[in-house]
Amino acid sequence: MFAEVLLSKVSPDTDKTFTYAIPERLNDRIGIGSQVVVPFGRRKEIGYVVERLVSSNVKGIKEIIDLASPEPIFSEKSVKLARWMADYYLSFFLTALRLVMPPGLRQKEERGRVGKLVEKGKKGKQTEQQKTNTQTSLTTQPPGTKLKLTPEQQTALDEINQSIDDNKPTRFLLHGVTGSGKTEVYMQAIAHLLEKGQSAIVLVPEISLTPQMVQRFTARFQDHIAVLHSELTLKKRNEEWQRIVSGQVQIVLGARSAVFAPLKNLGLIIIDEEYENTYKSDKSPRYHTREVAFKLAALNNAVVVLGSATPSIETYFRAEAGEYKKIVLPKRIDDRPLPPVTLVDMREELKAKNFSVLSRKLQLELKETLDKGEQAILFMNRLGYFTFVMCRECGLTIECPNCSVSLVYHSGAQEVRCAKCGYAAELPKTCPRCNSTSIKYFGTGTQRIEDDVAKIHPSARILRYDRDTVGKRGSHEVFFSTFAEGNADVLIGTQMVAKGLDVAKVTLVGVVSADTALNLPDYQAAEHTFQMLTQVAGRAGRHHLPGKVIIQTYNPEHYAIKAASTHDYEQFYRKEIEHRRSLNYPPFSRLISIIISSEDQKKAIKTADDLGAFISKRIPTGVLGPAQAAIARLRGEWRYHILIKGNELRVIRNAVNESIQNLVIPDDVRVTVDVEPTGMM
Ligand code: ADP
Ligand code: ZN
Ligand code: ZN
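Residues numbered from 1 in each chain as written. Chains lettered and ligands numbered in written order. Predicted model: local features only at pLDDT ≥ 70, side-chain atom pairs only at ≥ 80, totals over all residues. Heavy atoms only, no water.

## Side note on the site of ligand 1
As a reminder of what qualifies: In this text, near means that some heavy atom of the residue lies within 4 Å of the molecule or strand in question. Polar contact is defined as a pair of N or O atoms within 3.5 Å, subject to the rule that within protein one atom must be able to donate a hydrogen and the other to accept it, and that residues adjacent in sequence are counted only when both atoms are side-chain atoms. Per-residue and other accessible areas follow the Shrake-Rupley method at a 1.4 Å probe size, with only the shown protein chains counted as cover for residues. Secondary structure is summarised from DSSP: a helix means a run of H or I of at least four residues, a strand means a run of E of at least two, and numbering begins at the N terminus for each. Gly falls in the polar group here, along with every residue not listed as nonpolar (Ala, Val, Leu, Ile, Met, Phe, Trp, Tyr, Cys, Pro) or charged (Asp, Glu, Lys, Arg). Residue ranges for the domains trace back to a domain assignment, done automatically or taken from a database.
Among the 17 residues in the neighbourhood of ligand 1, the closest are listed as Lys 148, Gln 153, Lys 182, Thr 183 and Arg 216. Between Lys 148 and ligand 1, the recorded distance is 2.8 Å, taken from a backbone N or O atom to a nitrogen atom. In this structure, Lys 182 approaches ligand 1 through a side-chain N or O atom, which is 2.9 Å from an oxygen atom. Here ligand 1 has 550 Å² of accessible area as a free molecule, and 81% of this is covered by the chains. With three residues, helix 6 (residues 182–195) is the largest single contributor of residues to the shell around ligand 1. Class assignment of the residues belonging to the shell around ligand 1 gives a composition of four nonpolar, seven polar and six charged. Residue-level mapping places the shell around ligand 1 at the junction of two domains, with at least three residues from each of domain 2 (152–334) and domain 3 (336–382 + 444–576).

## Considering the coordination of the zinc ion (ligand 3)
This is how it is decided: Metal coordination here is assigned from N, O and S atoms located within 2.8 Å of the ion, or within 3.2 Å for Na, K and Ca; omission of water means that sites may look incomplete. Tetrahedral means four donors with every angle between 85 and 135 degrees, whereas square planar (four donors) and octahedral (six donors) require angles over 155 degrees between opposite donors and between 65 and 115 for all others; sites fitting neither are termed irregular. Three exposure classes are used, based on accessible area relative to the maximum for each residue type with a 1.4 Å probe and protein chains only: buried under 20%, partly exposed in between, and exposed over 50%.
Donor atoms from the polypeptide that coordinate the zinc ion (ligand 3) comprise Cys 400 (SG), Cys 403 (SG), Cys 418 (SG) and Cys 421 (SG), at 2.3 to 2.4 Å from the metal. Between the four donor atoms coordinating the zinc ion (ligand 3), the angles at the centre fall across 107 to 114°, so the site counts as tetrahedral. Look at where the donors of the zinc ion (ligand 3) fall in the sequence and you get C-x2-C-x14-C-x2-C. Here Cys 403 is found in the loop between strand 16 (390–391) and strand 17 (408–410), whereas its partner Cys 421 is found in the loop between strand 18 (415–417) and strand 19 (424–426), with 18 residues between them in sequence. By relative accessible area, Cys 403 is classed as buried at 1%.

## Describing the packing of helix 1 (residues 76–89) against helix 9 (residues 289–300)
Selection criterion: Interaxial angles span 0 to 180 degrees and are taken between N-to-C directions of axes, which are lines fitted to C-alpha atoms, for helices over the stretch in contact. By convention the crossing between two helices is left-handed if the near helix lies anticlockwise of the far one by an angle smaller than a right angle, and right-handed if it lies clockwise. We call two residues in contact when some of their heavy atoms are within 4.5 Å.
In the contact formed by helix 1 and helix 9, the axes pass within 10 Å of each other and the chain directions differ by 145°. In this structure, the crossing between helix 1 and helix 9 has a hand that is right-handed. Between helix 1 and helix 9, the residues in contact are Lys 77, Lys 80, Leu 81, Trp 84, Met 85 and Tyr 89 and Glu 291, Val 292, Lys 295, Leu 296, Leu 299 and Asn 300, respectively. Residue classes in the contact of helix 1 with helix 9 are distributed as seven nonpolar, one polar and four charged.

Structure (structure tokens):
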């Protein structure tokens, strides 16, 4: 017997498997997923078995020396998933394989410490106790109180359950307005699945921002669910992994990496708010969780449900094309109305000499809301949250010495910091260009809102929620519960407050600046703006008290803002899809983005030019750039950008891959490839 072994070494030379013979004495203990010690050159190396073969015609085959870990580390399906990721996203196989390894081993792998693991591990050993627990099934004790579904919810549930029963890897888009009861549908589909002895993965954009959803799931499924918080210690994460492998839990709830949880009998994957950028990994392999989920579901004949009020343009397009079954929940529970939205043109405020960040209309509504003893959320885009340090004489914005981004003023520490590389310095007293002492800075955007609210309503209890005020472990939850329990009147925050909050007394939502994301050089700018506005508006009037939304904007005519003001996804989609078609952007084309970076600017330019030329030879019309990247310098490195556009992903991916293989890349130049990028690099 033979084994294909992938060495625990990341380099282009070892990004392939090597064939070894399996010695007789290890024959029934070595299988796919085994961690083994093998001879390699004159050394011993650790590797992973990714395939077993009955014969091989490779010459001079050496034998596996020993097992490095008694139990397999990953399953055959996990290998397939990793292999697929490496091919699709152009990463090393090992880098992809690490994602499906237990957390402790994965961390050792990523730190390059697995070579030192030759002393035999205890990993993977199941205790007798755990083995018995595997047999426990939910039908002994049915999960918590189900709500009686509305007819629309029932129809949605029936369709999903039907596909579960048919064992078909059907893909659903559950398009339901905010507060339409999607979460209840998820939970009842899972309950159905558990009765059949199957398991489910539930993915959310960011676990710490969805405490209410976590509470609802844990209340309903209790011991059967593992919640994979990013805040868990490594020890705890390993324990959870073990509970999942051993079958003690059948449901995993977590952010994107939870898609790699080693559940057996996977029957259902739910992705809530699939349009969120957090689903795209920012490290190699730069995978999109949705695509990984589809692949995983195909390997398991599992059902995938994408649920959102604001599906991504791409997803909606695929649903229209029949790739996904579309289920619609058009109304809120109990026919509660979606809150009416008023657009306020901020140019008029300036004309009326109102220099507050709050318009007259928003001030008035805020007063009424607070007088009635109700609650308000004031929202500001993350991008507007920072305040830059500027010279009033010459207009210079002070930049980070390592990155081409402006430094940000932090009032707490009385210093300026770089949000990209962490550089910090004392506040400059004079302008580095003109020596003027007229340096201007404010607090963060959210601080300004807080100041203005406090001026208008001195007695209001204000809770400001941003990077300055949140950060410690568990503090998200404390914030959310303080507000949810009515111990604050006004919640002020960035994107972090837009998600998941379901508080009965919130009747006013104010968007302080709707436009900040609109002018970015990003083909998804309008889409992100629409999604953000619709989601944050969806926080108002979710229960018996009717809600209101005020959106402050300098672009009241923009289609993304107009459509958000009428909660009209269809209208937005129609406009946006035509826009994409006319510019040949996704979903009409496929993109690959490449960043070439180096501290040595000349080498970066040369490599970018060479790479651009190589790719152009293979696909003459699809190469844009090289050009300076949107962030031209980062952590001391110069950055150049090439964008590849094509109709077929396979074709442009091969062109990029071959070009990189053939290019001599200097040691101090990095080439980063992002297949199907979201946002800017
Ligand atoms: P979504 O996930 O679509 O935003 P939720 O599932 O959070 O919606 O539901 C919104 C609110 O309505 C929640 O407070 C939820 O408990 C409640 N709800 C959901 N389904 C029902 C139902 N069938 N009957 C009564 N209340 C429901
Ligand atoms: Zn100056
Ligand atoms: Zn910096």
